[in-house]
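# Coordinate analysis (summary)
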Amino acid sequence: MGKLVVKVPKEVDHCFADEIREEVDRRVQMEDIKILEFDFQETEFMDSSGVGLLMGRYKLMRALGGEVIITHAGERMKKVLMLSGVHKIIPMEDF
């Protein structure tokens, strides 16, 4: 069972969200990925395109029998994830 860790960049806007989506989708389709981890350790800004990125990957992984987790979200990112409702669907882990 494979795990893919995505180191989310400092800022996630439309351009970065598209790049991340393309790379993640390619890897998920080519490899046996069952756990997709988004590591927010370096992230300071994310707009709605980042929320869309997360939700789209959640739907993809669920369809493939996998899961998505969010790790290392700082206070600012936790606030964005909570206000958007993402935290209700994708588990956030602190370690």
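So, here's what we can say about the structure.

Calculation rules
Residues numbered from 1 in each chain as written. Predicted model: local features only at pLDDT ≥ 70, side-chain atom pairs only at ≥ 80, totals over all residues. Heavy atoms only, no water. Salt bridge = Lys/Arg side-chain N within 4 Å of Asp/Glu carboxyl O. Helix = DSSP H or I, 4+ residues; strand = E, 2+ residues; numbered from the N terminus. Buried < 20%, exposed > 50% of the residue type's maximum accessible area, 1.4 Å probe, protein only. Polar contact = N/O pair within 3.5 Å; in protein donor to acceptor, adjacent residues only side chain to side chain. Contact = heavy atoms within 4.5 Å.

## Comments concerning the pattern of salt bridges
As enumerated under the stated definition, the model contains 10 salt bridges in all. The partner of Glu37 in a salt bridge is Lys3, with the nearest N and O atoms 3.0 Å apart. Taken together, the residues span a long stretch of sequence, with Glu37 in strand E3 (residues 33–39) and Lys3 in strand E1 (residues 2–7) at a distance of 34 residues. Given a relative accessible area of 5%, Glu37 falls into the buried group. The shortest N-O distance in the salt bridge between Lys7 and Asp39 comes to 3.1 Å. Here Lys7, found in strand E1, pairs with Asp39, found in strand E3; they are 32 residues apart in sequence, far enough to count as distant. Take Lys7: its relative accessible area is 61%, and that puts it in the exposed class. What makes Asp39 buried here is its relative accessible area of 3%. Through salt bridges that share partners, Asp18, Arg21 and Glu22 make up one connected network.

## Regarding the side chain of Glu37
For Glu37, the side chain forms a polar contact with the side chain of Thr71, separated by 2.7 Å. Those residues within four positions of Glu37 in sequence are excluded, and the remaining contacts are Lys3, Leu4, Val5, Val6, Ile69 and Thr71.

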